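Structural overview for review
If you want the building blocks of each chain, they are given just below.
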Amino acid sequence: MNATPPTAPTPAPTPPDSVPLPPRTLVLGATGFLGRWLVLELLGRGEPVAAGVRGGRGTAREHELRSWLRAHGADDTALTTVAADLTRPGLGLSPEDDARLENVRDVHNLAALYRFGLSRAEAHAANVAGALHALDWAAGRPHLRRLVHLSGYRVGRDATPRHPLPAAEADALYARLGAYEASKQLGDAAVRVTAARLGVPLTTVNPSSVVGHSVTGEAGQYLGLADLVRQLWYGRLPLLPGSARTFLPVVAVDHLARFLAAVPGYDTGPAHAHTVLDPATPPLPELIALLAEHLGVPAPRRLIPVGLVRRLPRALTGADPETLTFLSEDTYDTASADRLAHAVGLHHPPVAELLRRWATRLVTDGFGAPPSGGALAGRFTDVAGGRSYLVGDGEAPRFVLLHGPGSDADVWRAVTERLDAPALAADLPGLGRSSPVTVPDDHWLAELLAPVRTRPVLVAHSASATTALRHATTHPDTVAGVVLVAPSFVGPHTGGPHTGRPAIGEPATTSTPPASHRPGAGKRAARRLRRAGCPAEQAEAAALMRACPVPVTVIPGVPETAAPPATTRPAGSLPLPYAAELADDIRASTANW
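Here is a short report on the structure shown in this document. (Residues numbered from 1 in each chain as written. Predicted model: local features only at pLDDT ≥ 70, side-chain atom pairs only at ≥ 80, totals over all residues. Heavy atoms only, no water.)

If you tally the helices and strands in the chain, you get 19 helices and 18 strands. The buried share among the 593 residues of the chain stands at 54%. A separation threshold of at least 6 residues defines the contact pool for the chain, and within that pool the share at least 24 residues apart is 79%. (Helix = DSSP H or I, 4+ residues; strand = E, 2+ residues; numbered from the N terminus. Buried < 20%, exposed > 50% of the residue type's maximum accessible area, 1.4 Å probe, protein only. Contact = heavy atoms within 4.5 Å.)

Dropping the structure here:
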């Protein structure tokens, strides 16, 4: 159930005494969302790279970057880290680190503060003064080939930039656009004017909204368009700002990383500017409708003009005024970027599939709050007239796991890691990340298992025990047997059979899964619990267990001694000691099935 890395297996860690080759490329902002993907791309091309890291070598930031690179298949022996601070002249480099960068020929400045609600001083220090510090340092490199400055797709369109702006004009710009967008415009103009004066070969790259990886959907950035998807997912987007022609183009993060890596070897001459976006991106209303259908949630009922949203109280709209500057009907000239991409054999991935994979990953990652233990390789698929969220092997699983009303498929993470066999877990209809359906749960389960080629063991917790027994009784040829974990009808719902021990589910986790905050999820879970507690359903479940034509075994709930304090347990999964015990019990009881 763990996410599959998008590239090769993780290589061995770098030996402490290894000496990287002298770097030829410096990436500033290397620990950021886009910076790490660029470093990954450059290392994959065999390029010796230096990463500017706040604090430098031996810091948590360096460790996190190297761990991420290795997890994505990179050999980081050609990576040098230096302590860099863009808010200081000379990048704050020590003489030793500056000497390490003597052979640098390409400088990528991807460092910026991308956050709404910045103060003007914060935004200026990072996005204007910081950009000029990077330029000034690059101008002193004896072997400089090109400085690549990452800008924004709604800036840099003026043919004759001005820097510095008169104070009154700068004040008006900050008042109209907000600190982030205004500072990006001023930084872009400052770099272009100053590079021409210093004779620094410059390319500004203006990307649109950067979304996830084209294959895995992996994101890592949750502002802008991602926030609209978050509101859509949680049912907080009844009205969509903009018009039918609002255009919010996207670009895949891996496409942009490859594009940036290719720029220094392609561009020649003093100055270039490339706007990188996929022109096939549908207008915003169509884009949101596509994602609503994919996620199984209602699309916004109507559009609301951006001007009206600006005038309404933020407490009513929930919209940050700074985000509204990105909503326009403008189109963009991508001719120069298209020529470069064609020359190096680079093509945008199909945009609809890119958006679906990205949205799935956003949901999996909890929109920036992934569960402890890493994101699961989940996906959405149509089951019984709704969109169901599945994790694991959907074709040949040995085990199919059904959670209880107080959790979602993530509760099984630690168990499946210890089962040593293919497993499939799914969020039940109307719970977790799956949308409701109009058919009973056992009918949903039958359709879920229709593509499965094996006869898996059904592992069902709590109230899901009845669903598993109904399916096994009706379709005995599709399953090898049933394992009931703390079934609600055997003992009290809060305990295992005759033990008084707590059952798995919400009481055994640190918090309710984030998806439970979706509209109606709590009520649907409560209804399931009440239904499971009805004498008639409990009697039916007991009768089904006695008459079930396939083997059935019962495993009690979580032993009290196995449950450490909530603050030490992974959110959304079972306590690790109990997960290992439960996996052992499941394997032992089903060994001959």
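What follows deals with the packing of helix H7 (residues 225-233) against helix H9 (residues 284-295). Between H7 and H9, whose axes approach to 11 Å, the crossing angle comes to 45 degrees. One finds that H7 runs oblique with respect to H9. Once H7 is placed against H9, the crossing between them reads as right-handed. Between H7 and H9, the residues in contact are Leu225, Leu228, Val229, Leu232 and Trp233 and Leu284, Leu287, Ile288, Leu291, Ala292 and Leu295, respectively. Split by residue class, the contact of H7 with H9 holds eleven nonpolar, no polar and no charged. (Axes fitted to C-alpha atoms, helices over the stretch in contact; angles between N-to-C directions. Parallel < 35°, antiparallel > 145°, perpendicular 65-115°, else oblique. Left-handed = near helix turned anticlockwise from the far one by under 90°. Nonpolar A, V, L, I, M, F, W, Y, C, P; charged D, E, K, R; others polar.)

In summary, soluble globular proteins display a tendency toward joint burial of nonpolar side chains. Ranked by internal contacts, the top residues of the largest apolar core, which has 72 residues, are Leu225, Trp358, Trp412, Val459 and Ile586. Excluding residues within four positions of it along the chain, Ile586 makes contact with Phe399, Val415, Leu419, Val459, Val483 and Ile555. By size, the runner-up hydrophobic cluster in this structure holds 38 residues, among which are Leu34, Leu40, Val53 and Ala337. (Core = buried A, V, L, I, M, F, W, Y, C linked by side-chain atoms within 4.5 Å.)

Let's shift gears to the pairing of strand S15 (residues 423-426). Residue alternation in S15 divides its side chains into two sets, Ala423 and Ala425 and Leu424 and Ala426, and both sets are buried. Pairing between strand S13 (residues 386-392) and S15: three bridges, direction antiparallel. By the bridge assignment for S15, Leu390 is matched with Ala426. Note: strand S14 (residues 399-402) against S15, four bridges, orientation parallel. If you follow Leu401 over to S15, its bridge partner there is Ala425. (Pairing = 2+ DSSP bridges.)

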